[in-house]
Structures are given as C-alpha cells and as structure tokens.
Amino acid sequence: MVWLKSFVAAFLATLVFHQGVLGLMYLAEMVPAAPYNMEPRAPLGVPAVVSLAFWGGLWGLPLWAVVRGMGTLGYWGVSLVFGAVLPTAVAMLVVFPLKGLDVSASTWAGGFLLNGAWGIGTALFMVLMGARRKPADTL
C-alpha cells in the first residue's frame, strides 16, 4: 500500500507543486509554456499534464525507496536533491534530445526548480497520507 501512496503522492506533487511552480514561472515570463497543458499526447491521447503526472508518479517509487528510512533532515534534503537532479538529468539528457528540444543552462535551471519543487511536494504528500512516520531518535 505504501508504494501506491508514493505513486499517488508523486502524481499529486506533479499537479500541485511542479505545475504550480511552472505557473509562477510562466506568470513571471521566465518560460514560454503555460502550466496544465491539456494537449493530447500519443499514443493514448491523454492530456500532456496527465502524462507528465503519470511519469511523476513513477518517479515517486524510487524516491520513496531512497528516503523511506531516513531521519527528518535526510528525508527532506534527499527528496529535494533527488527531485532536482535525477528527473532533470533524464529530461535533459534523454527526453529533450529524443523530442528535438534544445537543452541550455536555462532549461537545466528551470528543471532543477520544477523538479526540486516536485521532490518536496512528494515528500509532503507522503507525510500527509501517513506513509511517512517520523523516526523516534533521528534528525
């Protein structure tokens, strides 16, 4: 059940935190793409934001595997760093080139911000869903 919770937490974190930060970046004219893209994506024709949230949910599984036994400081810190670095690296080094998208310092920076927010959001949703219980004698 905890693995389902990690998927759901990460799915929701994509919709709330990742897309929320993207919305703020869009309003600040830092990015050209608006959040909550409802354009259908192949092969199933689901909205792009739902596809993104699904992949975000899958990323929640390895995140949970890494942080589940950590103390408070490690839990939040590793969630932030894991989120900022790993999904961003895969996006910039694999996904963007496959889609023919440009990779630059600004796309890396944007990825770190968006995915770091996702990592913290996933950690928060895990706490809110009761999957994360504070270890008694750890930081």
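What counts and what doesn't
- Residues numbered from 1 in each chain as written.
- Predicted model: local features only at pLDDT ≥ 70, side-chain atom pairs only at ≥ 80, totals over all residues.
- Heavy atoms only, no water.
- Core = buried A, V, L, I, M, F, W, Y, C linked by side-chain atoms within 4.5 Å.
- Buried < 20%, exposed > 50% of the residue type's maximum accessible area, 1.4 Å probe, protein only.
- Helix = DSSP H or I, 4+ residues; strand = E, 2+ residues; numbered from the N terminus.
- Contact = heavy atoms within 4.5 Å.
- Expected span 1.5 Å × (residues − 1).
- Bend = angle between axes of the 7 residues up to and from the residue.
- Salt bridge = Lys/Arg side-chain N within 4 Å of Asp/Glu carboxyl O.
- Patch = residues over 30% accessible without salt bridge, like charges linked within 9 Å, V, L, I, M, F, W, Y side chains within 5 Å.
- Areas by Shrake-Rupley, 256 points an atom, 1.4 Å probe, with all protein chains shown as cover.
- pLDDT = per-residue confidence, 0-100.

Novice: Which parts of the structure should I look at to understand the nonpolar core?
Specialist: As a rule of thumb, soluble globular proteins bury nonpolar side chains together. Ranked by internal contacts, the top residues of the largest apolar core, which has 13 residues, are Leu63, Trp64, Val67, Tyr75, Trp118 and Met126. Secondary structure elements with two or more residues in this core: α1 (2-27), α2 (48-67), α3 (72-99) and α4 (105-128). Residue contributions to this core peak at four residues, all from α4. Look past the residues within four positions of Met126 in its chain and what remains in contact with it is Val2, Lys5, Ser6, Ala9, Trp64, Tyr75, Ala131 and Arg132.

Novice: What is the right way to read α1 from this model?
Specialist: Each full turn of the α-helix corresponds to 3.6 residues, which orients residues three or four apart in the same direction. With 26 residues, α1 extends 36 Å between its outermost C-alpha atoms, agreeing within 8% with the 38 Å of an ideal straight helix rising 1.5 Å per residue. Residue Ala13 marks the point of greatest curvature in α1, where the axis turns by about 35°. The set of residues buried in α1 consists of Ser6, Phe7, Ala9, Ala10, Ala13, Thr14, His18, Gln19, Leu22, Gly23 and Met25. With its phi angle positive at about 60°, Glu29 sits one or two positions after the end of α1.

Novice: Looking at this structure, how should I read unusual backbone geometry?
Specialist: Across residues other than glycine, the phi torsion is negative in most instances, and most of the peptide bonds are trans. The omega torsion of the bond from Ala42 to Pro43 falls at 0°, within 30 degrees of zero and hence cis. If you trace the backbone, Pro43 turns up in the loop between β1 (40-41) and β2 (46-47). For Glu29, which is not a glycine, the phi torsion comes out positive at approximately 60°. Mapped onto the fold, Glu29 is located in the loop between α1 and β1. For Glu29, a relative accessible area of 73% translates into the label exposed. In the Ramachandran plot, Tyr36 falls in the positive-phi region, its phi being about 55° despite a non-glycine side chain. One can find Tyr36 in the loop between α1 and β1.

Novice: Before we go on, may I ask you to explain the pattern of salt bridges in this structure?
Specialist: Here the idea is simple: oppositely charged side chains can pair when their charged atoms come close. Evaluation of the coordinates by the stated rule reveals one salt bridge. Notably, a salt bridge pairs Arg41 with Glu39, separated by 3.2 Å at the nearest N-O pair. Taking the relative accessible area as the measure of exposure, Arg41 reaches 31% and is therefore partly exposed. Using a relative accessible area of 47% as the deciding quantity, one classes Glu39 as partly exposed.

Novice: For this particular structure, what's the right way to read a nonpolar patch on the surface?
Specialist: On the surface, Leu80, Val81, Val85, Leu86 and Phe112 cluster together into a nonpolar patch covering about 390 Å² of accessible area. Element by element, the count of residues in the nonpolar patch is highest for α3, at four residues. Looking at the secondary structure, you find Val81 in helix α3.

Novice: Teacher, can you tell me more about the environment of Ala42 here?
Specialist: In this fold, Ala42 is placed in the loop between β1 and β2. Under the relative-accessibility criterion, Ala42 is labelled exposed at 77%. It is 15 Å that separates the C-alpha atoms of Ala42 and Val95, two residues lying 53 residues apart in sequence.

Novice: Whenever I open this one, the confidence of the model for the chain confuses me. Can you help?
Specialist: In low-pLDDT regions, the fine details of the predicted coordinates are not to be read closely. With 95% of its residues at a pLDDT of 70 or more, the chain shows a mean pLDDT of 94. Confidence, read as mean pLDDT per element, is least for β1 in the chain (94) and greatest for β2 (98).

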